[in-house]
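# Inside the fold
Below are the chains, spelled out letter by letter.
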Amino acid sequence: RHGVRRQRQMCIRDRREVDFERALDPATTPGGQWLLVQAMIAAAMADGHIDAGEHERLFTQVDKLDLSTQEKSSLYDELRQPRTVDELASLIHDQQTAIEVYAAALLAIDETRPEGSAYLAKLAARLGLPPALVDSVHEQSALSIGSAA
């Protein structure tokens, strides 16, 4: 237990925390917005369909992004054939982007469902995110959602 706490503190000290508004801000993720959309769609489709809550969370976040006309037109294609975890992971080349992609997926998915939690576990493993860092992202997500309510 102390090891996990120490890892979490190290993550916080290393400033690897995720600011959820910043992760989806066009100014801080230039060119990476479409990757975040792909991550959200793939997560929402983890159980084979997008339910009403996932749809609302997904499109609320998409509306905040400054997507190009081409990206907007590709949105429905992506909904029909979302990326796999391996396809997403192959597009990510640094830990900060991995954290942002994981955070985007977390925003879109219903993590209380078994399929959702299994998808997130697989995504975290494929992205090489340490468990303490994943825990930190979940804690920040809860705080972000709680403060938005």
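Counting restarts for each chain, with residues numbered from 1 along the sequence as it is written. Since the coordinates come from a predicted model, pLDDT governs what is reported: local features require at least 70, and pairs of side-chain atoms require 80 or more to be given and counted, while whole-chain, interface and lining totals use all residues. Excluding hydrogens and water, the side-chain values take into account all heavy atoms of the structure.

This part takes up helix α3 (residues 33–44). Between the first and last C-alpha of α3 there are 17 Å, a value that for twelve residues agrees with the 16 Å anticipated at 1.5 Å per step. The buried fraction of α3 is high, at twelve of twelve residues. Considered for burial, the residues of α3 that qualify are Q33, W34, L35, L36, V37, Q38, A39, M40, I41, A42, A43 and A44. For helices the rule is a DSSP run of H or I covering at least 4 residues; for strands it is a run of E covering at least 2, with both sets numbered from the N terminus onward. Here the expected span of a helix is defined as 1.5 Å times the quantity of residues minus one. Working definition: with a 1.4 Å probe on protein chains only, accessible area under 20% of the residue-type maximum means buried, over 50% means exposed, and in between means partly exposed.

What follows is about the pattern of salt bridges. A carboxyl oxygen of Asp or Glu within 4 Å of a side-chain nitrogen of Lys or Arg is what we treat as a salt bridge. Under the criterion given, the structure shown has four salt bridges. Between R113 and D47 there is a salt bridge, and its shortest N-O distance comes to 3.7 Å. One end of the pair, R113, is in the loop between α7 (95–108) and α8 (114–127); the other, D47, is in the loop between α3 and α4 (52–64), and 66 residues separate them in sequence. Classification of R113 by relative accessible area gives partly exposed; the value is 29%. Counted as one network, the salt bridges with shared partners bring together D47, R113 and E115.

A word on the confidence of the model for the protein chain. Scored between 0 and 100, pLDDT is the confidence that the predictor attaches to each residue. Residues of the protein chain with pLDDT of at least 70 account for 75%, and the chain-wide mean is 78. The spread of mean pLDDT over the elements of the protein chain runs between helix α1 (residues 2–13), the lowest at 38, and α8, the highest at 96. Working rule for contacts: check all heavy atoms of both residues, and any pair within 4.5 Å makes them a contact. Within the model, the stretch residues 1–30 combines pLDDT values under 50 with 46 contacts to residues more than four positions away or in other chains.

Let's shift gears to the environment of M45. Inspection of the secondary structure assignment puts M45 in the loop between α3 and α4. In this structure the C-alpha to C-alpha distance between M45 and E115, which are 70 residues apart in sequence, comes to 9.6 Å. Not counting chain neighbours up to four residues away, the residues in contact with M45 comprise I50, L79 and P82.

Here we take up the packing of α3 against α7. Across the interface, α3 lies against α7 with an axial gap of 8 Å and an inter-helix angle of 45°. Considering the angle they form, α3 stands oblique to α7. The two elements α3 and α7 meet at a crossing, and its hand is right-handed. Taken together, the residues of α7 that come into contact with α3 (itself represented by L35, L36, A39, M40, A43 and A44) are T97, E100, V101, A104, A105 and A108. Charged means Asp, Glu, Lys or Arg here, nonpolar means Ala, Val, Leu, Ile, Met, Phe, Trp, Tyr, Cys or Pro, and polar covers whatever is left, Gly included. For the contact of α3 with α7, the class distribution of residues is ten nonpolar, one polar and one charged. For helices, the axis comes from a line fit to the C-alpha atoms of the stretch in contact; other axes are also lines fit to C-alpha atoms, and the angle between any two N-to-C directions lies between 0 and 180 degrees. Roughly parallel means an angle under 35 degrees; roughly antiparallel, over 145; roughly perpendicular, 65 to 115; everything else is oblique. Handedness of each helix crossing follows the sense of rotation of the near helix against the far helix: counterclockwise by less than a right angle gives left-handed, clockwise gives right-handed.

A few words on the nonpolar core. In summary, soluble globular proteins display a tendency toward joint burial of nonpolar side chains. With 40 residues, the main nonpolar core has V37, M40, Y102, Y119, L127 and L129 as its most contacted residues. Counting residues per element, the ones that place at least two in this core are α3, α4, α5 (69–80), α6 (85–90), α7, α8 and α9 (131–148). Here Y102 is in contact with L120, L123, A124, L127, L129, V134, V137 and H138, once residues within four sequence places are set aside. Buried Ala, Val, Leu, Ile, Met, Phe, Trp, Tyr and Cys residues that are joined via side-chain atoms within 4.5 Å together make up what is termed a nonpolar core.

What follows deals with the packing of α3 against α4. It is at 10 Å that the axes of α3 and α4 come closest, and there the two elements cross at 180°. Here α3 is positioned roughly antiparallel relative to α4, judged by the angle of their axes. Across the interface between the two elements, V37, M40, I41 and A44 of α3 pack against E54, L58, Q61 and V62 of α4. Within the contact of α3 with α4, the residues separate by chemical class into six nonpolar, one polar and one charged.

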